[in-house]
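Chain by chain, the residues run as shown.
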Amino acid sequence: MEDNGQGNPGDSAVVLEEIFYVTSKRNTYYKVRLTEKGLSLHKEHNGATKSETIALGDIIGCRCMRSKRRNAGSCACRPGASKSQVKLVESSSSSVETYQASYYDELDTSAYLYIYAYALKKTRVKGGIRRERTTITLRFRSFDKYEDNLREASRWRLAIKCLVANAPVPRSLMSPSHGNLDALMRACPGENRKLLVLLNPKSGSGRGRETFQKRIHPILSEAERPYEIHITKHANYAREFIRTRDIYQWSGLLMVGGDGIVFEVVNGLLQRPDWEKALRELPLGVIPCGSGNGLAKSIAHAKQEPYDRNPMLISALSAVKSKRMPMDLVRVETRNQILFSFLSVGWGLIADIDIESERLRAIGGQRFTVWSVARLIGLRTYKGKISYLPCNRVPSMENGNGKICRKDCATESTLSHSRSYGDELDRYGGGEPKSFHTAFSESINDLNDCDDNEIITESLTLETEIEKRHRLDSFYSATSAKSTYFSTGSVSSYHSVDDADSTEIGAENICSSQIMYGPSSILPALTTQLSNCWTQIQGEFVMVHAAYQSHLGQDYFFAPRARLADGIIWLLVVKAGITRANLLHFLLGLSSGTHVMCSGVDMIPVKAFRIEPMEGTSGHITVDGEEVDYGPLQAEIFPSLATVMTP
């Protein structure tokens, strides 16, 4: 199992330690240790032992629960009614009075601690890895009062949350003699501000709302990351929203859509007088629901995450892990406007494919493949001049983040409980995924009929067991494994087209002449001559494309040597005269990055460039996939100007 640099949890000082047993087989014991490196599970059964470690970097959150009795006032013959139906209610708010107000099962005094982790696992494909959801359920019922058991569970919750947040664990609160439950609750670290979620309902195949609710909300809920969601209503809605609102009430900006909504948000930030503070304090995250999704793939590539096997999961983990990385931005100047770009500038073949394939948007990312064939048959060339300022320092091919260790992903000596009840949540495609709330409720009712090995395969459910403590078993506590995970995520809010202040950013209020702030240009004016230190190429081109991320889309590995913050624009130039066979090899090599080795293709690292199409000609020029005026354009890079969320 890859440990994300956390090391072996058993090798560091123990923060908390407890003995648990499996609900349905009480002669099997687990010694569970929480260390500064992660969670260590040591199983002992009939002299045989097995161990597994869950690295701290793989844990995204934990929550305390209590059994909730079904509504006594409802009709017993209602559809789906069952005496065995028992739900769990959250017990992680800041006041004990909240628990007393809940309609809970008073016969079950247990406190449940759910620990959620997403660990790297090997797949059946040779050399393949993916992140799979693991749920560890620790049931504390060593005492005859719920508050005492809750205090034990809350102590573990506090320690885990502190370690995950890289905050010091308050040792005074870790002592069993500390009895202040409210103090344990209040001490949990966390961001009080909500995430701002901007969702484009029409991006890609138009399923952004459904995707967020089914696949992203459950992960945000597990990590207890509150959010406020706003639905975009028209083009440039997100741009104006970011430009005009008090954005510091939120902890970060999470965009659900394609690269288009990221482009709007970036430029909205740069239209604010306080742009420098906004870029520094508000990290950008993206959930890939569009056709391109270049930034989401580039972030995952930079962190060597298995993005292709589950793009939604990897991107959602970026939003909840609270890690940040700097990202370069490029200032683009045309005759009529100034823009800031995070992905690419294109002229020629790929720009034509990007813009003209819009008519096939309904088929998703396949539109690029279809239109590539059309443009290859009807090949165009463009006359003009390219100028660039070469970059002298270029990083090596080796990734500075290190290699992912795949040898420890799955071994015979580890427990096989990582396939959890919500496993469908981890799958990309292949039917409608379930939220973990639904999946948990459908699966756990069969728990008592399973043997020990089956339980561990699905989820690890453990209970406290110490000889010196007196345990009270009741009918409900003996069968309380038949429960349903229940969470409404009520701390988050949803804003649709009925926003009270929506008129403030209506389409009619958008002004194209708004001031663009941001860092000042150090380049000559677009209409002036360039100095001799610039390199110039004049002639006829099939395409010119500048990129500053590794990927332009999920299957477009455009700049293999690019990093998020390397201060380099990778300028790809294809001159006229290239054969269609070589151009076909170029297009086919885009998915693997081998296109840069094709004859007639030049990839040049630069700090700035200028494109000057011949006067009187027509075509397409794109910035981050958005079409701009056809004519002279120049761009320069500003290293580490923005901040992005990373897994």
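Residues numbered from 1 in each chain as written. Predicted model: local features only at pLDDT ≥ 70, side-chain atom pairs only at ≥ 80, totals over all residues. Heavy atoms only, no water.

The name that an unreviewed UniProt entry assigns to the chain is sphingosine kinase, with the source organism given as Dinoponera quadriceps. Turning to the chain, the UniProt record has this under Subcellular location (unreviewed entry): "Endomembrane system". (UniProt positions renumbered as here; feature names shortened; annotations may be inferred.)

In terms of helices and strands, the chain carries 16 helices and 25 strands. Out of the 647 residues in the chain, the part that is buried amounts to 56%. Residue pairs in contact within the chain that sit at least 24 positions apart in sequence constitute 78% of those at least 6 positions apart. Accessible surface, the chain as shown: approximately 27300 Å² in total, 49% of it carbon and sulfur. (Helix = DSSP H or I, 4+ residues; strand = E, 2+ residues; numbered from the N terminus. Buried < 20%, exposed > 50% of the residue type's maximum accessible area, 1.4 Å probe, protein only. Contact = heavy atoms within 4.5 Å. Areas by Shrake-Rupley, 256 points an atom, 1.4 Å probe, with all protein chains shown as cover.)

We now examine unusual backbone geometry. Leaving glycine out, the prevailing phi sign among residues is negative, and the prevailing peptide bond configuration is trans. Notably, Glu224 is not glycine yet its phi reads approximately 55°, a positive angle. For Glu224, the location among the structural elements is in the loop between α5 (208-222) and β10 (227-231). At Asp624, a residue that is not glycine, the phi angle is positive and equals roughly 55°. Topologically, Asp624 is positioned in the loop between β23 (621-623) and β24 (626-628).

To continue, consider the packing of aromatic side chains. Tallying each qualifying case throughout the model produces nine aromatic pairs. Aromatic side chains Phe20 and Trp156 sit 6.2 Å apart centroid to centroid with 80° between the ring planes, which places their arrangement in the edge-to-face category. With Phe20 in strand β1 (residues 14-22) and Trp156 in helix α2 (residues 146-164), the pair connects residues that are 136 residues apart, well separated along the chain. Under the relative-accessibility criterion, Phe20 is labelled buried at 0%. Seen in terms of ring centroids, Trp347 and Phe541 are 5.9 Å apart; in terms of plane orientation they differ by 50°. Their pairing is tilted. (Phe/Tyr/Trp six-rings, centres within 6.5 Å; stacked < 30°, edge-to-face > 60°.)

Glancing now at the side chain of Thr622. For Thr622, the position within the fold is in strand β23. Setting aside anything within four residues of it in sequence, one finds Thr622 in contact with Ser344, Val345, Gly346, Ala351, Ile355 and Glu627.

Let's shift gears to the pairing of β10. Every other side chain in a regular strand lies on the same face of the sheet, so the side chains alternate between the two faces. Among the five residues that make up β10, five are buried, leaving the element largely enclosed by the rest of the structure. On β10, burial covers both faces: Tyr227, Ile229 and Ile231 on one face and Glu228 and His230 on the other are all buried.

Moving on, we come to the pairing of strand β8 (residues 129-140). Counting buried residues along β8, 12 of its 12 residues qualify, which places the element largely inside the surrounding structure. Two elements, strand β7 (residues 111-122) and β8, share 12 bridges in a ladder whose sense is antiparallel. Across the sheet, residue Tyr118 finds its bridge partner in β8, namely Arg133. Adjacent in sequence and paired antiparallel, β7 and β8 are bridged by six residues, among which Gly127 carries a positive phi angle near 75°. (Pairing = 2+ DSSP bridges.)

What follows is about helix α16 (residues 580-589). Turning to α16, its buried residues are Leu583, Phe586, Leu587 and Gly589. When α16 is viewed along its axis, its buried side chains cluster within an angular range of 165° and face the same direction. (Arc of directions from axis to C-beta.)

Direction vectors running N to C along helix α6 (residues 237-244) and helix α7 (residues 259-270) enclose 30°, while the axes themselves pass 7 Å from each other. Judged by the angle between their axes, α6 and α7 are roughly parallel. Where α6 crosses over α7, the handedness of that crossing is right-handed. In this structure, α6 contributes Tyr237, Ala238, Arg239, Ile242 and Arg243 to the contact, and α7 contributes Ile261, Glu264, Val265, Asn267, Gly268 and Leu269. A per-class count over the contact of α6 with α7 returns six nonpolar, two polar and three charged. (Axes fitted to C-alpha atoms, helices over the stretch in contact; angles between N-to-C directions. Parallel < 35°, antiparallel > 145°, perpendicular 65-115°, else oblique. Left-handed = near helix turned anticlockwise from the far one by under 90°. Nonpolar A, V, L, I, M, F, W, Y, C, P; charged D, E, K, R; others polar.)

The biggest cluster of nonpolar side chains holds 94 residues, and the ones touching the most others in it are Leu269 and Phe609. Built from parts of two domains, this core gets at least three residues from each of domain 2 (195-325) and domain 3 (344-393 + 517-646). Aside from chain neighbours lying at most four places away, what touches Leu269 is Ile242, Ile247, Leu253, Trp275, Ala278, Leu279 and Leu284. Core analysis: the second largest hydrophobic core is formed by 38 residues, Leu39, Leu41, Ile59 and Leu138 among them. (Core = buried A, V, L, I, M, F, W, Y, C linked by side-chain atoms within 4.5 Å. Domains from an automatic or database assignment.)

Two packed helices can be described by the angle between their axes and the distance between those axes. It is the contact of α5 with helix α10 (residues 311-320), at a shortest axis distance of 9 Å, that shows an interaxial angle of 45°. By the criterion of interaxial angle, the relationship of α5 to α10 is oblique. Taken as a pair, α5 and α10 cross one another with a handedness that is right-handed. Every residue of α10 that contacts α5 at Thr211, Arg215, Ile216, Ile219 and Leu220 is listed here: Met312, Leu313, Ala316, Leu317, Ala319 and Val320.

For Ile350, the location among the structural elements is in helix α11 (residues 349-356). When residues no more than four places from it in sequence are discounted, the contact partners of Ile350 are Met543, His545 and Phe558.

On to the side chain of Asp58. Note on placement: Asp58 falls in the loop between β4 (48-55) and β5 (59-69). Reaching out from Asp58, the side chain makes a polar contact with the side chain of Arg131 at a distance of 3.0 Å. (Polar contact = N/O pair within 3.5 Å; in protein donor to acceptor, adjacent residues only side chain to side chain.)

Moving on: the environment of Leu564. With respect to the helices and strands, Leu564 occurs in the loop between β20 (535-547) and β21 (569-575). Classification of Leu564 as buried rests on a relative accessible area of 4%. Residues Leu564 and Ser298, 266 residues apart in the sequence, show an inter-C-alpha distance of 7.6 Å. When near neighbours in sequence (up to four residues on either side) are disregarded, Leu564 contacts Ser298, Ile299, Ala302, Met325, Pro326, Met327, Asp328, Gln549 and Val644.

To continue, consider the confidence of the model for the chain. In this model, the chain carries a mean pLDDT of 77, and residues with pLDDT of at least 70 account for 72%. Within the model, the stretch residues 93-101 combines pLDDT values under 50 with 16 contacts to residues more than four positions away or in other chains. (pLDDT = per-residue confidence, 0-100.)

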